[in-house]
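Given next are the chains, with one letter for each unit.
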Amino acid sequence: MTRKIQITFILLLAIVVSTNAQSRKERKAYYGSKYNVEIETLGVGNDGTKLFKVWGYGKKVNDAVFEAKRNAISAAIFKGIPAGRGASPTPALTTDIDAETKHQEFFDEFFSDGGRYLQFVNLSGDGEPKESDKIKMKKGYKVGIAVSINHAGLRKYLEDKGVIRSLSSGF
Amino acid sequence: MKNLFTLIAILFVTTSLFGQAKKPTIMVVPSDQYCISRGYSMEFDNMGTKVILPDYKAALQSDTDLRLVISKMSGIMGDRGFPLKDLEQELKNLATQGAELAMLSSKTSGAGVAESPIDALKRTAKSDIIMDLSFEKKKQGPKNYITFILNGLDAYTSKNVASAAGTGQPSSAAQVEILLEEAVLAYMDEFNGRLMSFFEDAFANGREIKVRIQMFDGVGFDLEEEYDGSELSEKIEDWFAENTVQGRFSLQDATENFMQFEQVRIPMMNDKGRAVDARSWLRDLQKYLKEDPFTMESKLYMRGLGEAWLILGEK
């Protein structure tokens, strides 16, 4: 009887541990997801630009800064930019939820290291980030930078490449 | 070989010509509240009732803030492939058009241009989508801020198809003109995002239109007249069910003399790949009613891209 209870207990423990491990793995995948970009709008940008603070993760501060720039463009395309400080929300440039898979080849090249996405990052505080924007984590850094992106230029580029529909397409 | 190339070229041009849906026109119009609260209004005595109407001409001639906002919005919409119709220019055109029509005469007989009262009534500034705009400069201590309301209205269905509204950040340093410009920049992307959803819905589920069926007076029959055991109104409803996208329409109201259809979803293109609007779509019903067993004449009356009337009994 006691042995039976012991086995049940071990089994239960194994289930709990495996569930926990899985959730941790899921959490890790979630960090890498383009939908997990953290953004805070800093104000209304000038003509055709968007101004916001975006966060990135990396082993080194510089890696995190680069990821933040990529996140900034990724958010504008797939997630949209939230409202804040006088600016209304900006919807995601793509309205097709499968855009990423449909145009995978394009996005792989666009977001590659030193890829075309950098052309649309006008200005970023990519010097040494402020201490409050540089958070040391267990395996690296979480860094926040202020960026201004050429939103109108990015939209035009994606429209020309046939990745997104323009407002007047079909007419 | 040369003929083959010519044929291919003609085919390509024809396909590209017919492959586009009819583009709606958009115009920014200051809201009634904006015009009347600033004194840009006209007052009429309509049989003892005082009627106040907005005076757009006065607003556009004297309000520099309004001109600045409209100009900024036009620039943004132009960049998005939707150049706006300019209300001021449209009003000027209508004035000169009226004068020219009155003066125009035939060289041979000296006859003037035919114009019914309806034709004259139709000569007004209009567009398919109206961007109804209002904004206000407000103060909070030494700081200025702007409240901004923009509604995109479908001129035919009267539905609000896109909107953006809010209050800007108060600032004591920035000039009011800069705050106005900032307000336009702050809200236009949200507005255009909603407009985009409206267009995508139209392409997926059809353009939404309004249709009215009416009878001419004294034609000797009405919508309760029976054909093959069904009333005329039933036959018309059946035709709507067969010719709308997924059979989507709603009969809002009906008597023996009229039928009012709303939320009628018509395809953006027909089988031949040609753009469809309310008039061209309703013309098919006109043709259907001309055939057996109905054999009736009717008058097709257009009220723009999104509304048409069919008046039965006579031309």
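Note that residues are indexed from 1 along each chain, following the sequence as it is written. Note on labels: chains are lettered from A, ligands numbered from 1, in written order. Local features are withheld for residues below a pLDDT of 70 in this predicted model, meaning they are given only at 70 or higher, and side-chain atom pairs are given and counted only at 80 or more; totals for whole chains, interfaces and linings count all residues.

1. Brief notes about the overall build of chain B
For clarity, the threshold we go by: Strands here mean DSSP runs of E at least two residues long; helices mean DSSP runs of H or I at least four residues long; both are numbered from the N terminus. The exposure scheme places C-beta atoms from the backbone and then counts, for each residue, the other C-beta atoms within 10 Å of its own, assigning buried at 20 or more, exposed at 12 or fewer, and partly exposed in between. By definition, residue pairs are in contact when their C-beta atoms, positioned from the backbone, come within 7 Å.
When you go through chain B residue by residue, the secondary structure sums to 9 helices and 13 strands. Along the longest, intermediate and shortest principal axes, the C-alpha atoms of chain B span 75 × 70 × 50 Å. Within chain B, the proportion of its 315 residues that are buried is 27%. Counted over contacts in chain B with a minimum sequence separation of 6, partners at least 24 positions apart contribute 58%.

2. Comments concerning helix H9 (residues 278-290) of chain B
All names here are of chain B. Stated formally: Expected span of a helix, by definition, is 1.5 Å for each gap between consecutive residues, and there is one gap fewer than residues. The directions considered for the arc run from the helix axis to the C-beta atoms.
With 13 residues, H9 ought to run about 18 Å at 1.5 Å a step, and its terminal C-alpha atoms sit 19 Å apart, in line with that. When H9 is considered as a whole, its buried residues turn out to be Ala278, Arg279, Trp281 and Leu282. Here the buried residues of H9 occupy an arc of 160 degrees about the axis, which is enough to place them on one side. Turned more than 90 degrees from where H9 packs its buried face, Lys287 and Lys290 sit exposed. Those residues of H9 that are buried are in contact with strand S7 (207-215), strand S11 (258-266), strand S12 (298-302) and strand S13 (307-312).

3. As for unusual backbone geometry
All names here are of chain B. At the junction of Asp292 and Pro293, the peptide bond is cis and its omega measures out at 5 degrees in the coordinates. Structurally, Pro293 is set in the loop between H9 and S12. You will see that Met47, though not glycine, has its phi angle at about 50 degrees, which is positive. Tracing the sequence through the fold places Met47 in the loop between strand S2 (41-46) and strand S3 (49-54). Since 6 C-beta atoms lie within 10 Å of it, Met47 is described here as exposed.

4. Topic: the sheet that holds strand S1 (residues 26-30) of chain B
Residue and element names in this part refer to chain B. Basically, it comes down to this: If DSSP finds at least two bridges between two strands, the strands pair. Axes, fitted as lines to C-alpha atoms, cover a helix only where it is in contact. Angles between the N-to-C directions of the axes lie from 0 to 180 degrees.
Strand order in the open sheet formed by 4 strands is S1-S4-S5-S6, with mixed pairing between adjacent strands. Edge positions in the sheet fall to S1 and strand S6 (160-167), since each of these pairs with one other strand and no more. This sheet shows a mean twist of 20 degrees between the axes of neighbouring strands, independent of strand direction. The sheet contact formed by S1 and strand S4 (residues 129-140) spans 5 bridges and is parallel. Of the residues in S4, the one forming a bridge with Pro30 is Leu133. Relative to the sheet, helix H4 (residues 64-79) contacts S1 and S4, its axis offset from that of S1 by approximately 160 degrees.

5. What about the interface of chain B and chain A?
Note: interface size is frequently given as the accessible area lost on complex formation between the parts. The test is simple: Residue polarity is assigned by list, with Asp, Glu, Lys and Arg as charged and Ala, Val, Leu, Ile, Met, Phe, Trp, Tyr, Cys and Pro as nonpolar; anything else, Gly included, falls into the polar class.
Across the contact, 23 residues belong to chain B and 16 residues belong to chain A. Those elements giving two or more residues to the side of chain B that touches chain A turn out to be S6 and helix H7 (176-205) of chain B. The greatest single-element share of the side of chain B that touches chain A, amounting to 12 residues, is contributed by H7(B). Of the residues belonging to the side of chain B that touches chain A, the class tally is 9 nonpolar, 7 polar and 7 charged.

6. Some words on the pairing of strand S1 (residues 39-43) of chain A
Residue and element names in this part refer to chain A. Where S1 meets strand S2 (residues 49-58), 4 bridges bridge the pair, whose relative direction is antiparallel. Along S2, the bridge assignment pairs Thr41 with Phe52. Turn length for the S1-S2 hairpin, with the two strands adjacent in sequence and antiparallel, is 5 residues, and the turn residue Gly48 shows positive phi of about 75 degrees.

7. Points about the nonpolar core
Defined as follows: In these notes, a nonpolar core means any group of buried Ala, Val, Leu, Ile, Met, Phe, Trp, Tyr and Cys residues linked to one another through C-beta atoms within 7 Å. In this entry, domain limits derive from an automatic or database-based domain assignment.
Of all hydrophobic cores here, the largest spans 67 residues; its most connected members are B:Met73, B:Ala183, B:Val184, B:Tyr187 and B:Val211. In terms of residue count, the dominant contributor to this core is H7(B) (13 residues). The residues that make up this core include at least three from each of domain 1 (26-95 + 116-203) and domain 2 (206-312) of chain B. Other than its neighbours up to four places away in sequence, B:Ala183 contacts B:Phe135, B:Ile146, B:Phe148 and B:Gly168. The next biggest cluster of nonpolar side chains, apart from the first, holds 30 residues, and it includes A:Ile73, A:Phe110, A:Ile149 and A:Leu154.

8. A closer look at helix H5 (residues 151-160) of chain A
Residue and element names in this part refer to chain A. Those residues of H5 that sit buried are His151, Leu154, Arg155 and Leu158. When H5 is viewed along its axis, its buried side chains cluster within an angular range of 100 degrees and face the same direction. Among the structural elements, S2, helix H2 (61-79) and strand S5 (140-150) are those in contact with the buried residues of H5. Just beyond H5, the residue with positive phi is Gly162, at close to 75 degrees.

9. Quick word on the domain arrangement of chain B
Residue and element names in this part refer to chain B. Here the domain parsing of chain B yields domain 1 (26-95 + 116-203) and domain 2 (206-312). The centre of domain 1, based on its C-alpha atoms, is set 34 Å off from the matching centre of domain 2. Contacts between domain 1 and domain 2 engage 8 residues on the former and 11 residues on the latter. For the side of domain 1 that touches domain 2, the class distribution of residues is 4 nonpolar, 1 polar and 3 charged.

10. Remarks on the confidence of the model for chain B
Residue and element names in this part refer to chain B. What counts, and what does not: Known as pLDDT, the predictor's confidence for each residue is given on a scale from 0 to 100.
Confidence in the prediction for chain B averages 89 pLDDT; 94% of positions are at 70 or higher. This model gives residues 10-18 a pLDDT under 50, and the stretch forms 3 contacts once residues within four places in sequence are excluded. With pTM at 0.82, the complex prediction returns an ipTM value of 0.78.

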